[in-house]
Amino acid sequence: MKREHGLNEKEMELVKLLMADCHNTGDIQSMLKRLFSGTIEQMLEAEMDEHLGYEKNSALGNNSGNSRNGYGKKTISSDYGDCEIAVPRDRNGEFEPKVIEKRQTRTDEIEQKIMAMYAKGMSQRDIEDTLREIYGSEISQGLISRITDKILPEVNEWQNRPLDKIYPVIFFDGIVFNSRKDNKIISKCVYSVLGINMEGQKEILGTWISENESASFYASICSDLKSRGVTDIFIACHDNLTGLCEAINAVFPKTKNRV
């Protein structure tokens, strides 16, 4: 589907149909919940590896005196809504989860820090510092290494996966949270982009992090979308932040902005 100028009648009908099922950025939060709960589970797996002293399916487990013993289900309340997570168990019943403790029912506001690890602009050092913030001073370097070894390949694959050529509708949503840097508390913004493809399926196209919202930051988001295969966006929905419309139209000149 190639556009020379504006949307034709069929394209407008498609956009209206898709947007009728996506009224606001609440859908972004719903999609992020899946990524958040999956990351929590990966962190718990790394904690279990550290507890037992060997990785899952390792031959070392045959003579360790303890081993994995399936999973228990746990529901926690988060900013994204209730999340069900699988918590690994050991046969001796000695495993004490740290990121989400046994009797903990809320996330203690770690959602944005965890999701920030998936944002472009975060180095490995930044991710390790974020893990120290989440766990506190008691976390060992060994556990940090185990978690980053599990998370980084998934983060890199998720950040760089190819996207569809055309998205009839995309939504921009920014969340500001506080983080510690050089013993100072600073504010960072994580921007998420949700896309609806030609089949009506929704997906988070990516997240990006910056200490300030600027035209150059928005331009980097749009350039990244283009480099991963996006050639056209029909409608971009956002809060009309300064420089955002210009950044979108510089990369996708046929896109109409809906604020």
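Position numbers for residues count from 1 along each chain, tracking the sequence in the order it is written. pLDDT decides what is reported in this predicted model: residues at 70 or higher carry local features, side-chain atom pairs at 80 or more are listed and counted, and totals for whole chains, interfaces and linings draw on all residues regardless. Only heavy atoms go into the side-chain values, all of them from the structure, while hydrogens and water stay out.

Moving on to the environment of Asn240. Turning to its location among the elements, Asn240 is positioned in the loop between β6 (232–237) and α7 (244–251). Taking the C-alpha atoms as reference points, Asn240 and Asn257, 17 residues apart in sequence, are found 8.4 Å from one another. For the purposes of this entry, the term helix denotes a DSSP run of H or I that reaches at least four residues, the term strand denotes a run of E that reaches at least two, and both are numbered from the N terminus.

For α7, the complete set of buried residues consists of Leu244, Cys245, Ala247, Ile248 and Val251. One side of α7 holds all its buried residues, which, seen down the axis, span an arc of 165°. Those residues of α7 that are exposed and angled more than 90 degrees off the buried face are Glu246 and Ala250. The buried label goes to any residue with under 20% of its type's maximum accessible area, the exposed label to any with over 50%, and the partly exposed label to all in between, with areas taken from a 1.4 Å probe on protein chains only. Summarising the geometry, the arc corresponds to the directions from the helix axis toward the C-beta atoms.

Grouped together as the largest cluster of nonpolar side chains are 48 residues, with contacts concentrated most on Phe36, Ile40, Met43, Val99, Ile114 and Tyr135. The dominant element in this core, judged by the number of residues it contributes, is helix α2 (residues 26–52), at 9 residues. Among the nonpolar cores identified, the runner-up in size contains 22 residues, and Cys189, Leu205, Val230 and Val251 belong to it. Residues grouped as a nonpolar core are buried Ala, Val, Leu, Ile, Met, Phe, Trp, Tyr and Cys residues, joined through side-chain atoms within 4.5 Å.

What follows concerns the pairing of β6. By the criterion of burial, β6 is predominantly enclosed, with 6 of the 6 residues buried. Of the pairings in the sheet, the one linking strand β3 (residues 166–181) to β6 comprises 5 bridges and is parallel in character. For Tyr167, the partnering residue across the bridge sits in β6 and is Ile233. Strand pairing is assigned whenever DSSP identifies at least 2 bridges connecting the two strands. Relative to strand β7 (residues 256–258), β6 runs parallel, the two being bridged by 3 bridges. For Ala236, the partnering residue across the bridge sits in β7 and is Asn257. Look down the strands so they point away from you; if the path from the first strand over the helix to the second goes clockwise, the crossover is right-handed. The parallel pair β6 and β7, bridged by α7, forms a crossover whose chirality is right-handed.

Below, the discussion takes up the environment of Ala247. On the secondary structure map, Ala247 appears in helix α7. A relative accessible area of 6% means that Ala247 is categorised as buried. Spatially, the C-alpha atoms of Ala247 and Ile221 are 8.8 Å apart, while their sequence positions differ by 26 residues.

Here we come to unusual backbone geometry. Notably, Asn240 is not glycine yet its phi reads approximately 60°, a positive angle. Owing to a relative accessible area of 44%, Asn240 belongs among the partly exposed residues under this scheme.

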